Structure formats: C-alpha cells, structure tokens
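Report on the structure
Single-letter residue listing:
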Amino acid sequence: MSAEQAHATAPFEAIVVGGGMVGATLACLLGWAGLSVALLDAREAPLDGQAAGTGAPSLRVSALTPVSRQLLEGLGAWPAMAARRVSPYRFMQVWDGEGSGEVNFSAEQAGVPLLGHIVENDVTLAALEARLAELPSVTVRFDARVAELDTESAGERRTVVLEGGERLQAPLIVAADGARSPLRERAGIETRERDTGQVAVVTTVRTARDHGGVARQVFLSTGPLAFLPLCVEGDARHCSIVWSTTPEEAERLTALSAQALGQALGAAIEHRLGEVTVVDRALAVPLIQRHAEHYVRPGFALVGDAAHSIHPLAGQGVNLGLMDAAVLAEEVVEGRRRGLSPGDEHVLSRYARRRRGDNAAMLALMDGFRLLFGARHPALTLARNLGLSGVDRLGPLKRLLMQQATGHRGRLPAACRPFSRRDAG
Ligand SMILES: Cc1cc2nc3c(=O)[nH]c(=O)nc-3n(C[C@H](O)[C@H](O)[C@H](O)COP(=O)(O)OP(=O)(O)OC[C@H]3O[C@@H](n4cnc5c(N)ncnc54)[C@H](O)[C@@H]3O)c2cc1C
C-alpha cells in the first residue's frame, strides 16, 4: 500500500476515516466482502512493516482476547502477527495490594487453550495494512486528514472534505478516528465523559524471574498496576507495564531514574518476579472514559475509541472496537444482500443496537471495579477481599468472568466464530 495507491474521488460504498487497528479491521472486512471502500488516515505513511515486532518491544501493547484473535485469523492477519511477535498468556493473577484477596484464573478453567495474547499495537496494525494492500476494492490513503463532514448531502451521498479541499463521497461514512474523534464532534454527537482521575504510566521491564505466561494485576490504593507478559526472542522475562495512578503520582514516577522506577515497580508487585529493570522510557497517558450518546446518524457511524474509550484495567478497549467493526461489517454485508444501501438506517440501527449495550455494560463494570478498588473504607476493603477470595472458590462464577474476559459474550458476529469463513463460503 502506498500513498499513491489511490486517487479516485469516485463515489465509494463506504469511507472509513481513521486507519488505526479498528478502522483498518473494518476496511479489511468490508473489502473482503467486495465493497468499494476508502480508508483515510492523517498519518503521513503506513507503518514500517519490516520493523514492527523486531528489536525492543514498543510501548503500546494490547491484550487481545481469543475472540479478537479469531477475527484477525479470519482476515488472514494473524499469521503475520504470530511470525513477528505475539505473547500468549494462560494464567491471570489479580490481587488486592491493600488487603489479602486474590483470584487466579487459568485457560484450563475457562475451557480455552489460551486466555489471550499481549501484542504490540504496531504488530497488529502492520499485519492489517499488509492485508489491505491485497484487497483490490480497498483504497487506502495516508496524509489524508478529514477536515469537514457533510452528512446532510442530498440523496444517498455523504461527503468528507480533506484538508486541501478534495471531496470524497459514499452512502456510509464511518468515524474510526480515535478517542478525541473530530468527526464525532462534527456530526454533533455528544459523549458522556468521566475523567477517571487517573493517568497510565506505561513502560517495558525485564524481570529476574520468568513471568510464566501469567498476566498479573495488583490493585493499589492509587489504582491498578499490570505486568503483562511479553516474550522477546524466546525470553519470558519481559513485561509491559500499565500503572494507572493519580496524576501527581504519575508525574513522580515518570521523573524517577530507571533504577528507582524499577525498585518502585518491584515493591508494588511484592517482588513476585524478583528484581525489576526498566528497559524503556516511561510514558504517561491520561485516562478518560467516554461513551458516545449515539453510535449512528443518517449515513454515519462511530466505531472503536471514537464511540467509547474505556479504562485499560481489563484490557478491553481495542477488543470492543474490533467487535464494533465485525458487527458493523456484518450488518452492512447482510443489508446489501437484501438490497439495502450501506448507509441505510435499518442497517445502522441494527449495528447500534447490537453494540451500544455491550459496550455500556463493560464501561459500567470498569467503573465499578475502579471505585471498589479505589475505596479506602475498611468495610469495602473487607468486601473486596471476601469477594476476590469468593470468586476464587466459586467455579461457575469464575467461569462466567472468564468468558467475559476472553470475549465470549452474547451473540458473536460470524467473523469472530471459528471457521466462519468456511461457513460463509
Ligand atoms: C495505556 C493503555 C493501555 C491499553 N491496553 C489495552 C489492552 O490491553 N487491550 C485493549 O483491548 N485495549 C487497550 N487499550 C485501548 C486501545 O489502545 C484502544 O482502544 C485502541 O488503540 C483504539 O483503536 P482505534 O483504532 O479505535 O483508534 P486509534 O488507534 O486512536 O486510531 C485512530 C486513527 O484515526 C486517525 N485520525 C484521527 N483524526 C483523523 C482525521 N481527521 N482524518 C483522518 N484520520 C484521522 C489517526 O491518525 C489514527 O490512526 C489501552 C489503552 C491505553 C491508553
């Protein structure tokens, strides 16, 4: 794929604005089904596919659920990701740093071979970009920042205007332009916004002990700290760190020397992995939880972080976004079979109905977790310790929680079910 790959301004069947993991997945799904799609991104150029997943791990990673992996397998992106770098985990350990509660999950208890994979975002995106380049009906354009949106256009045509004045038209325009979504704003869609009062400090560490394929998370009074297991050239002593904490504490942590930050991290996880050495810079990312009041307008839809951004404590953000992409593509393709335009209101309202409730439930769950674990009241400390230990003892409840965490919730789109491509074919 190159910036020169496409220049047509002829009407498309869909225009996807934002070529992050979610927008790229949606464009792949629609292109795979034969729709003519334009994918527009403000970035200057595609990722360097050769560099992704080599050398030191990049700072931004995501825990991908088995359901997301299934979707990426179906799109043919997973083999390239696996050949680069994906780090499987089979166990999860969650405990209360202020009390005694602890819960341990295993893939075996959840009835799945793996609980998920930690994957650098660049690795996922590079694989999707390579797949997009092979789809003849998809036009990918970089350095294409959308400046205006016109969903009031006459008839079926909706219009986006690029910086520089070029106009592109389609009956469906999808905003996949991230948490601050300029298109969502231009469409006049309000969000419910909650400043979590937290900032995530992200970095990469090497630990004295092997992580053993365990994703660890400790709830501290200031917020959760995750050690996400990475395998770097067969070495299972690397972890990606997401330490959600107060802004003041984040400022203090990012100003520490690598050695002092390593010591702070080691102490915070109670030295479960031995000495911790910080091997990258520490980056602070503000955490704001947002949910769009509406997912659709005539001829317009929101997906991914443009529709919802969620606290990373359960590692669900991009997984929810990938599910949005799969459901929207499924509804568009199904509508097309019935002779409906991609921007038809029935198509879009079916998408919104299927996704908004699921995303709202996950956002509420994350809020509940954050408040419960942020509380210092002794009664709440006792409740959460009893709760965690209770979950650990109760098999059926544990299995239910695991199903949520692995993405096996509700009615999955066909693209996320095993062998869906064979079923469809
Ligand atoms: C610290 C942290 C840890 C996380 N960990 C996890 C995890 O473990 N698991 C998980 O599932 N999720 C996780 N997430 C969430 C996850 O990173 C996001 O949900 C995901 O990256 C969102 O992808 P997206 O494609 O919707 O948006 P983005 O990745 O933000 O992509 C938006 C794209 O739109 C483009 N764009 C913006 N404006 C325009 C415009 N006007 N015109 C054209 N293009 C435009 C941008 O260039 C960009 O490429 C985490 C988030 C944070 C902050």
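Relevant structure appears above.
Residues numbered from 1 in each chain as written. Predicted model: local features only at pLDDT ≥ 70, side-chain atom pairs only at ≥ 80, totals over all residues. Heavy atoms only, no water.

**Considering the overall build of the protein chain**
The following threshold applies: Here a strand is any run of E in DSSP of at least two residues, a helix any run of H or I of at least four, and the numbering for each starts at the N terminus. Classification of residues uses two cut-offs on accessible area relative to the type maximum, computed with a 1.4 Å probe and protein chains only: under 20% is buried, over 50% is exposed, and between them is partly exposed.
A tally of helices and strands in the protein chain yields 13 helices and 21 strands. With 425 residues in all, the protein chain has 54% of them scored as buried.

**Describing the site of the ligand**
Our working definition: A molecule or strand has a residue near it when one of that residue's heavy atoms lies within 4 Å. In the analysis that follows, any N or O atom pair within 3.5 Å is treated as a polar contact, provided that within protein one partner can donate a hydrogen and the other can accept it, and provided that, for residues neighboring in sequence, both atoms belong to side chains. Shrake-Rupley sampling with a 1.4 Å probe provides the accessible areas, and residues are treated as covered by the protein chains on show and by no other component. Only Asp, Glu, Lys and Arg are considered charged in this grouping, and only Ala, Val, Leu, Ile, Met, Phe, Trp, Tyr, Cys and Pro are considered nonpolar; every other residue, Gly among them, is considered polar.
Looking at the ligand, there are 31 residues lining it, with Asp41, Ala63, Val146, Asp305 and Val318 nearest. Val146 places a main-chain nitrogen or oxygen 3.0 Å from a nitrogen atom of the ligand. Out of a free accessible area of 1,000 Å², the ligand has 85% covered by protein chains. Only helix H1 (21-32), strand E3 (61-64), strand E13 (191-207) and helix H9 (317-337) provide two or more residues apiece to the shell around the ligand. Each residue belonging to the shell around the ligand can be placed in one class, and the counts come to 16 nonpolar, 9 polar and 6 charged.

**A look at the pattern of salt bridges**
Note that side chains of opposite charge can pair when their charged atoms are close. Inclusion rule: Any carboxyl oxygen of Asp or Glu within 4 Å of a side-chain nitrogen of Lys or Arg constitutes a salt bridge here.
Applying the stated criterion to the full structure yields 23 salt bridges. Residues Arg252 and Glu249 are paired through a salt bridge, measuring 3.0 Å at the closest nitrogen-oxygen approach. Taken together, the residues span about one helical turn, with Arg252 and Glu249 both in helix H7 (residues 247-255) at a distance of 3 residues. One continuous salt-bridge network, built from bridges that share partners, spans Glu330, Glu331, Arg350, Arg354 and Arg411.

**Side note on the nonpolar core**
Definition in use: Grouping buried Ala, Val, Leu, Ile, Met, Phe, Trp, Tyr and Cys residues that are joined through side-chain atoms within 4.5 Å yields what is termed a nonpolar core. Contact between two residues is taken to exist if any of their heavy atoms lie within 4.5 Å; hydrogens are not considered.
If you look at the biggest cluster of nonpolar residues, it comprises 78 residues, and the most contacted ones within it are Ile15, Leu40, Met81, Leu132, Val160, Phe300 and Leu328. The dominant element in this core, judged by the number of residues it contributes, is H9, at 9 residues. Not counting residues within four places of it along the chain, the set of residues in contact with Phe300 comprises Leu149, Thr151, Leu172, Ile173, Ala175, Leu183, Arg184, Ala187, Ile189, Tyr295 and Leu348. If you look at the next biggest cluster of nonpolar residues, it comprises 28 residues, including Phe219, Leu320, Met362 and Met366.

**Some words on the sheet that holds strand E7 (residues 116-120)**
Worth spelling out the cut-off: Two strands are said to pair when DSSP picks up at least two bridges between them. For helices, the axis comes from a line fit to the C-alpha atoms of the stretch in contact; other axes are also lines fit to C-alpha atoms, and the angle between any two N-to-C directions lies between 0 and 180 degrees.
Read across the sheet, 3 strands follow the order E3-E7-E4 without closing on themselves; strand pairing throughout is antiparallel. Of all the strands in the sheet, just E3 and strand E4 (86-89) have a single pairing partner and so form its edges. Shown here is a sheet whose adjacent strand axes are inclined to one another by a mean of 25 degrees, direction ignored. Here helix H5 (residues 121-133) sits on the sheet in contact with E3 and E7, set at roughly 85 degrees to E7.

**Description of the packing of helix H2 (residues 66-74) against H9**
This is how the line gets drawn: For this classification, under 35 degrees means roughly parallel, over 145 means roughly antiparallel, 65 to 115 means roughly perpendicular, and everything else is oblique. Note: crossing handedness is left-handed where the near helix turns anticlockwise from the far helix by less than a right angle, and right-handed where it turns clockwise.
Where H2 contacts H9, the axes come no closer than 10 Å and their chain directions differ by 45 degrees. When the axis of H2 is compared with that of H9, the two are oblique. Two packed elements cross with a definite hand, and for H2 against H9 that hand is left-handed. Facing H2, whose interface residues are Val67, Ser68, Leu71 and Leu72, H9 presents Asn319, Leu322, Met323 and Ala326.

**A word on the packing of aromatic side chains**
For clarity, the cut-off: Note on ring pairs: Phe, Tyr and Trp rings are taken, using the six-membered ring of Trp, and paired if centres are within 6.5 Å. Classes follow the plane angle, with under 30 degrees stacked, over 60 edge-to-face and the rest tilted. For a ring to carry a charge above it, either NZ of a lysine or CZ of an arginine must fall within 6 Å of the ring centroid while also lying within 35 degrees of the normal to the ring plane.
Overall, the coordinates contain 1 aromatic pair when judged by the stated rule. Centre to centre, the rings of Tyr295 and Tyr351 are 6.2 Å apart; their planes meet at 35 degrees, and the pair counts as tilted. Taken as a pair, Tyr295 in the loop between strand E18 (283-292) and strand E19 (296-297) and Tyr351 in helix H10 (residues 345-374) lie far apart in primary sequence, 56 residues in all. Its relative accessible area of 2% is what places Tyr295 among the buried residues. Over the face of the ring belonging to Trp95 we find Arg272, whose NZ or CZ atom lies 3.5 Å from the ring centre.

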